[in-house]
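The residues making up each chain are set out below.
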Amino acid sequence: MLNIHQVKEEICDIGRRIYNRGFAAANDGNISYRIDENRVVCTPTGISKGFMKPEDLCIVDMEGNQISGTKKRTSEILLHLTIMKSRPEVKSVVHCHPPHATAFGIAREAIPQCLMPEVDINMGDVPIAKYALPGGQGFADVVMPYIMKSDIIVQANHGTVSVGPTIERAYWLAEMLDAYCRICLIARDLGKVEYFTRDEAEDLLQLKQKWGFKDPRAELENCELCANDIFRESWKETGVGHRAFQPPAFKRKDDILDQKSTNPNCKCGGSRCKMNSQNSQNSQGSQGSQNPANITDSNVPASDECELIIKTITDRVIKALAG
Ligand SMILES: [Zn+2]
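Let us look at the structure shown here. Per-chain numbering applies: the sequence of each chain, read as written, is numbered from 1 onward. Two thresholds apply to this predicted model, a pLDDT of at least 70 for residue-level local features and 80 or more for giving and counting side-chain atom pairs, whereas whole-chain, interface and lining totals are computed over all residues.

### So, the packing of helix 3 (residues 99-107) against helix 6 (residues 167-190)
For step 1, the next point in the chain: Angles shown run from 0 to 180 degrees and are taken between the N-to-C directions of axes, each axis being a line fitted to C-alpha atoms and, for helices, limited to the stretch in contact. The helix and strand labels rest on DSSP assignments: H or I over at least four residues marks a helix, E over at least two residues marks a strand, and numbering proceeds from the N terminus. Their axes nearest at 7 Å, the elements helix 3 and helix 6 cross at an angle of 70°. In terms of their interaxial angle, helix 3 and helix 6 are classed as roughly perpendicular. Residues His100, Ala101, Ala103 and Phe104 of helix 3 touch helix 6, and the partners they reach there are Leu177, Asp178, Cys181, Arg182 and Leu185.
For step 2, the next point in the chain: Following the grouping adopted for this structure description, the nonpolar residues are Ala, Val, Leu, Ile, Met, Phe, Trp, Tyr, Cys and Pro, the charged ones are Asp, Glu, Lys and Arg, and the polar ones are all others, Gly among them. Residue composition of the contact of helix 3 with helix 6, grouped by class: six nonpolar, one polar and two charged. Any angle that is under 35 degrees is reported as roughly parallel, and any over 145 degrees as roughly antiparallel; angles of 65 to 115 degrees are reported as roughly perpendicular and all others as oblique. Here the contact rule is simple: place C-beta atoms from the backbone, and any two residues whose C-beta atoms are within 7 Å are in contact.

In structure tokens form, the structure reads like this:
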């Protein structure tokens, strides 16, 4: 039988870890755990997550009405409950502001893929949801489409929301994402970011399937492997793009060997996808080769990225001439 006091102690313990890692300054962040069909333990509003005691925590029903606790429940509980109702397997929701992951949400820079095996296996394509005013149902509405497809999301100009069957698992995703974003930024500062090759990326995808982890890239055959294709459709609305990190462009081998197998359900739809498809056809047409090795990494940026580069150069030239 579930021991509610133990759940409360675990929430306090995770709160300390969030605070000590600098994922929640002052009173930021919130944590919840569903203890049964109609009750959820959650953190109160206006308290540092680093110094909570079990008696500080609240219990609410699935509509957000407070059942117990002397302190007022977090205003973000509506988001937690909306997630738990839509994904019954989710028992815990953790929201915090891990600095490196949040920085990607502020820069609207797509979280790179194909750089570290553990990250690709545990998280896959991590989306950035558009900004919304915290607290209300509108906040939850913005997050929901993404959290239905990914256990962790970055909220633009805000933080992360991660979910799991346990409090530790939900927290752990935030810790892993932040460590990864930090490593990516350090590597970029060193001047070179080397992505997996297509074979390495595909081997990892196969391993992921073998271990029972789902990855939409395995089913949506018209997607590129390392270019954040799964959530690319949302980029127009969120302003997310590849600016600081330029991934290689390649699809799965199957797509190139058998164009008929291309699944139109892949909504990658970006110019990059079209460009890649043209490259594949051109390569096959001009060289008559079916060898996927001949149709490899293209570092040609997508047309919208080209436009951005041209605009930046033009601006600088005009500024230099003016000065
Ligand atoms: Zn927040």
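### Considering helix 6
For step 1, the next point in the chain: Across its 24 residues, helix 6 extends 35 Å between first and last C-alpha, which sits within 8% of the 34 Å expected from 1.5 Å per residue.
For step 2, the next point in the chain: Put simply, a residue is buried when 20 or more other C-beta atoms lie within 10 Å of its own C-beta and exposed when 12 or fewer do; between those, it is partly exposed, and each C-beta is set from the backbone. Buried within helix 6 we find Ile167, Ala170, Tyr171, Leu173, Ala174, Leu177, Asp178, Tyr180, Cys181 and Cys184.
For step 3, the next point in the chain: A positive backbone phi angle near 105° is found at Gly191, which sits one or two residues after helix 6. By this rule the span expected of a helix is its residue count minus one, scaled by 1.5 Å.

### Some words on the packing of helix 2 (residues 77-86) against helix 5 (residues 137-147)
In a packed pair of helices, the relevant descriptors are the angle between the two axes and the axis-to-axis distance.
For step 1, the next point in the chain: In the contact formed by helix 2 and helix 5, the axes pass within 9 Å of each other and the chain directions differ by 40°. Of the two possible hands of crossing, helix 2 and helix 5 adopt the one that is right-handed. Seen from helix 2, the contacting residues are Leu78, Leu79, Thr82, Ile83 and Ser86; seen from helix 5, they are Gln137, Phe139, Ala140, Val143, Met144 and Ile147. Each helix crossing is assigned a hand: it is left-handed if the near helix lies turned anticlockwise from the far helix by less than a right angle, otherwise right-handed if that turn is clockwise.

### Regarding the nonpolar core
For step 1, the next point in the chain: Counting residues in hydrophobic clusters, the biggest one holds 58 residues, and the most contacted among them are Ile11, Cys42, Val143, Ile153, Ala174 and Leu177.
For step 2, the next point in the chain: With nine residues, helix 6 is the largest single contributor of residues to this core.
For step 3, the next point in the chain: Setting aside residues up to four positions removed in sequence, Leu177 forms contacts with Pro98, Ala101, Met123, Val126, Ile152 and Thr160.
For step 4, the next point in the chain: A set of buried Ala, Val, Leu, Ile, Met, Phe, Trp, Tyr and Cys residues, joined through C-beta atoms within 7 Å, is what we mean by a nonpolar core. Counting ten residues, the second-largest nonpolar core is a separate cluster that includes Phe196, Leu205, Ala227 and Phe250.

### Here's the deal with the sheet that holds strand 8 (residues 159-164)
For step 1, the next point in the chain: A pair of strands is treated as paired once DSSP finds two or more bridges between them. The strand order across the open sheet built from eight strands is 4-3-2-1-5-8-7-6, with neighbouring strands paired in mixed fashion. Every interior strand has two partners, whereas the edge strands, strand 4 (66-68) and strand 6 (128-129), have only one.
For step 2, the next point in the chain: Across two bridges, strand 6 lies against strand 7 (residues 152-155) in parallel orientation. In the sheet register, Ile128 faces strand 7, and the bridge partner there is Val154.

### Notes on the pairing of strand 8
For step 1, the next point in the chain: For strand 8, the buried fraction is high: five of the six residues fall into the buried class.
For step 2, the next point in the chain: As paired strands, strand 5 (residues 92-96) and strand 8 are joined by five bridges and run antiparallel to one another. Residue pairing across strands places Ser92 opposite Gly164, the latter belonging to strand 8.
For step 3, the next point in the chain: Across four bridges, strand 7 lies against strand 8 in antiparallel orientation.

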